[in-house]
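Here's the letter readout for the chains.
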Amino acid sequence: MKKSSTLEVEFAGLTLQTPLVLLSGCVGFGEEYTRIAGFSNHDVGAVILKGTTLEPRLGNAPHRLYETPSGMLNAIGLQNPGARHVVDAVLPHLPWSETQFWANANGTSPEEYGEVAAIFDDSPVSAIEINISCPNVKAGGVHFGNDPAMAAKVVAAMRKRTSKPLITKLSPNNADIAEVARCCIDAGSDALSVINTLVGMAVDRECRRPVLANISGGLSGPAIKPVALWKLHQVYQVAAKHGVPILGQGGITTPEDAIDFAIVGAQAIGIGTGLFYDPLLCPKLLEGMDDYLQRHAIARWSELVGTLVA
Amino acid sequence: MPTTPFPFQPMTDPATTSKQPTIFEEQAEILANVSYPGDQFILRLHAPNSAQHAIAGQFVHLRCSEHLPLRRPLSIMQTDRERGTIDLLAKAVGDGTHALRDQPVGTKLPLLGPIGRGFDLSDPDKHYLCIGGGVGIPPMLFAALSLPDPTRVLVLAGSEVPFPFALAPSTFLLPGIGGNTIMAIDSLEQRNIASRLASKAEIYGCFNGFVPQLAANHLLALDPTARAQRVLLACGPLPMLRAVADLGRQLQLPTQLSLEEYMACGIGGCAGCVVETEEHGQRYFRRVCVDGPVFNAAVLPNL
Ligand SMILES: Cc1cc2nc3c(=O)[nH]c(=O)nc-3n(C[C@H](O)[C@H](O)[C@H](O)COP(=O)(O)OP(=O)(O)OC[C@H]3O[C@@H](n4cnc5c(N)ncnc54)[C@H](O)[C@@H]3O)c2cc1C
Ligand SMILES: Cc1cc2nc3c(=O)[nH]c(=O)nc-3n(C[C@H](O)[C@H](O)[C@H](O)COP(=O)(O)O)c2cc1C
Ligand code: FES
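Residues numbered from 1 in each chain as written. Chains lettered and ligands numbered in written order. Predicted model: local features only at pLDDT ≥ 70, side-chain atom pairs only at ≥ 80, totals over all residues. Heavy atoms only, no water.

## Some points on the sheet that holds strand β15 (residues 246–248) of chain A
What links the strands of a sheet is backbone hydrogen bonding, and the strands pair in either a parallel or an antiparallel sense. Residue and element names in this part refer to chain A. Filter applied, for reference: Strands pair, by our definition, only if DSSP identifies at least two bridges between them. Secondary structure elements are taken from DSSP: a helix is a run of H or I of four residues or more, a strand is a run of E of two residues or more, and numbering for both begins at the N terminus. Between N-to-C directions, angles span 0 to 180 degrees; the directions come from axes that are lines fitted to C-alpha atoms, helices contributing only their stretch in contact. Working rule for contacts: check all heavy atoms of both residues, and any pair within 4.5 Å makes them a contact.
Pairing is parallel in the closed barrel, where eight strands are placed in the order β3-β4-β7-β8-β9-β10-β15-β16. Adjacent strand axes in the sheet meet at a mean angle of 30° when their direction is disregarded. Where strand β3 (residues 20–22) meets strand β4 (residues 46–48), two bridges bridge the pair, whose relative direction is parallel. Following the sheet pairing, Val-21 is matched in β4 by Ala-46. Here helix α9 (residues 281–295) sits on the sheet and contacts β3 and β16 (268–271); the angle it forms with β3, its principal contact strand, is near 160°.

Okay, here's the thing in structure tokens:
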């Protein structure tokens, strides 16, 4: 679709050509979707690379996925070749003139997160998303995201090692997401990402076993949209006060979904599972978003953000 | 968990990810949808891009119904480049495939394809033994039809429900396959491609047993030089694939297996569809959708 300046947004000091951001874990290391005829990186403001740790990780055994009503479960287990390899062998191949690429950092200790930040600091990624909400690993991940003090420690450890914008990805699997958000902002997070997947499971009733080898997995897709909106609403109350932008996500598959997230407070719009449904979803979203702005005589996407009348 | 960087990276080796053939998204119209016994059905879809570019062993990722937005992977059985059609053979096993079976002619379904690494049929000195079981038969037919020389291929197909193809007595004599095992797939027979069938369902003219046994009988009856020229290709249920892998190992024949795993994106983005491989003494999880679905049996010791 033709680019329109109405959809350009500022996000944590970066200018995104559109509010759409392709989410970590759904688009590999940035190269896979470009194989599809008609797919264009120009339609998105940024692509977030698969969750990356300091050392390579094999990931979980299969099955890793399962379709559920209006969504899916995944338990990939952060399969990745390690931060060094990503920076040295993957980033040089990415089409940097087409869009921005952001890293997604993971670890089992604040120190490891810090090391990953340092490696990506010396690389062309425009920003680093901190995943303290992965439900599919035994150590770190969501255990950090559930504890406001731990979350802050991780953010602080990364803040010390990089000057790039840091975006902390929050988990819906905790009692007080607004408190975690506040602690992460205090620790130096430039933006927030809301929400990661909800923990769930599925049963193979013929074999009476869990479908996923990891037993539990992360629920994504339209099924989680109402939860995502509610968590976004809670986080926005804190973030808006500090002028911290939010990358909203969770089940966005239509322009209407994207608009709902913007109204509740998302400056950028994350697309994950929606791409599995339709790999050419982005231009359709942009068209619908643009139409809405025109119909409501709103000059820019950012003017729609956080306009919920409560 | 390895502590040294992987020699190959399933998700990041530029050789395996960039500059791969284009994958097309098209609205595929159902031109024919024919049911067969045993919950089987054959679909003919108008999908010109997939028809044009597909090679044997590749699959399409097809949305089966509006209510099930995740797509289902189905192997390509046959293409007609001029008419822009592809044929699929599926079995209704769950929600998606049942919904697909019930789709009327004229329906358009979002289809992504062609996807995956197909069979390697490039060695002109080899003779390909294609072993298919049930809904694993389609890629074997595609492989057989792809080979320029029909004398270099034999298709052995097994099924426990009636075959969804016209059958005819074969005119080919095959070492190790005798007695009543005379029926063949008519469309192959007409193209001078030899085939035979196996079933425990007492279907007339079929070998009474599993298809890997029929393959073993044939291979063991070949003289050693002829046997050494064989390459085994297989697609079907896991026990069948294991039996074929064992056979290939015993007879030291190159063996290519087409695997299945649950998929989400179907194009390599989510790392959800993995199988465990062992390469150069290292363990990996490789993606069935783009690193496969066809794998060399030598990298699958834990199949
Ligand atoms: C590369 C490849 C080629 C295939 N070719 C064919 C073919 O030509 N004909 C045919 O009938 N079947 C084929 N299959 C299997 C087919 O994809 C499954 O039977 C189908 O996905 C089942 O979906 P369902 O909704 O009916 O079943 P359900 O059991 O309800 O499915 C639930 C979920 O599990 C997944 N799933 C279940 N079984 C399988 C399976 N065996 N493989 C992959 N995913 C599965 C489904 O896609 C779905 O996401 C192939 C699979 C792969 C991976
Ligand atoms: C297959 C899969 C893998 C994922 N991997 C990661 C990951 O590595 N890091 C991360 O921060 N989030 C990961 N996520 C979460 C997504 O980035 C996203 O937050 C979530 O799926 C909700 O958005 P959606 O409903 O649009 O998919 C993954 C999600 C899926 C479906
Ligand atoms: S299904 Fe997503 S990587 Fe294969």
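The discussion continues.
## Considering empty space enclosed by the protein
Residue and element names in this part refer to chain A. For the record, the criterion: The way it works is a 1 Å grid over only the protein atoms, where trapped points that fit a 1.4 Å probe form a cavity and open points with protein on both sides within 12 Å along at least five of seven lines form a pocket, and then any residue with an atom within 4 Å of a point lines it. Grid points are joined across faces, edges and corners, and a volume is the space filled by probe spheres set on the points. Three residue categories are used. Nonpolar comprises Ala, Val, Leu, Ile, Met, Phe, Trp, Tyr, Cys and Pro, charged comprises Asp, Glu, Lys and Arg, and polar comprises the others, including Gly.
Scanning all chains against the criterion turns up two cavities of 30 Å³ or more. Here the largest cavity is characterised by a volume of approximately 460 Å³. Surrounding the largest cavity, 35 residues form its lining, Ser-24, Cys-26, Asn-74, Asn-196 and Thr-197 being those nearest its centre. Residue assignment for the lining of the largest cavity shows that the elements contributing at least two residues are β6 (71–74), β16 and α8 (273–277). Per element, the largest residue contribution to the lining of the largest cavity is three residues, and it comes from α8. Its residues placed into classes, the lining of the largest cavity shows 14 nonpolar, 19 polar and two charged.

## Thoughts on unusual backbone geometry
Residue and element names in this part refer to chain A. Note that the residue after Pro-62, namely His-63, is joined by a cis bond; omega there is 0°. Structurally, His-63 is set in the loop between β4 and β5 (65–68). Each neighbour pair has its own omega, and for Val-194 with Ile-195 the value is 10°, a cis peptide bond. Looking at the element boundaries, Ile-195 is found in the loop between β10 (191–194) and β11 (198–201).

## Re the state of the cysteines
Worth spelling out the cut-off: Cysteine sulfur atoms that come within 2.5 Å of each other are treated as a disulfide pair.
For the structure on display, the rule yields zero disulfides over all chains. Distance from the sulfur of B:Cys130, which forms no disulfide, to the nearest cysteine sulfur (B:Cys235) is 11 Å.

## Considerations on the site of ligand 1
Counted only if it meets this: Residues are labelled near a given molecule or strand when at least one of their non-hydrogen atoms is within 4 Å of it. Whenever two N or O atoms come within 3.5 Å, that pair is a polar contact, provided that in protein one can donate a hydrogen and the other can accept it, and provided that, for residues adjacent in sequence, both atoms are side-chain atoms. Residue exposure ignores everything except the shown protein chains as possible cover, and the areas themselves are Shrake-Rupley values with a 1.4 Å probe.
Every one of the 22 residues lining ligand 1 counts as a neighbour, but B:Pro73, B:Leu89, B:Gly96, B:Thr97 and B:Glu260 are closest to it. At ligand 1, the nearby residues belong to more than one chain, namely chains A and B. Contacts to ligand 1 include B:Glu260, whose side-chain N or O atom sits 2.6 Å from a nitrogen atom. In the complex, the protein chains occlude 88% of the 820 Å² of accessible area that ligand 1 would expose alone. For the shell around ligand 1, the secondary structure elements donating two or more residues are β4 (72–75), β6 (85–91) and α3 (95–101) of chain B. The residue makeup of the shell around ligand 1, split by class, is 13 nonpolar, four polar and five charged.

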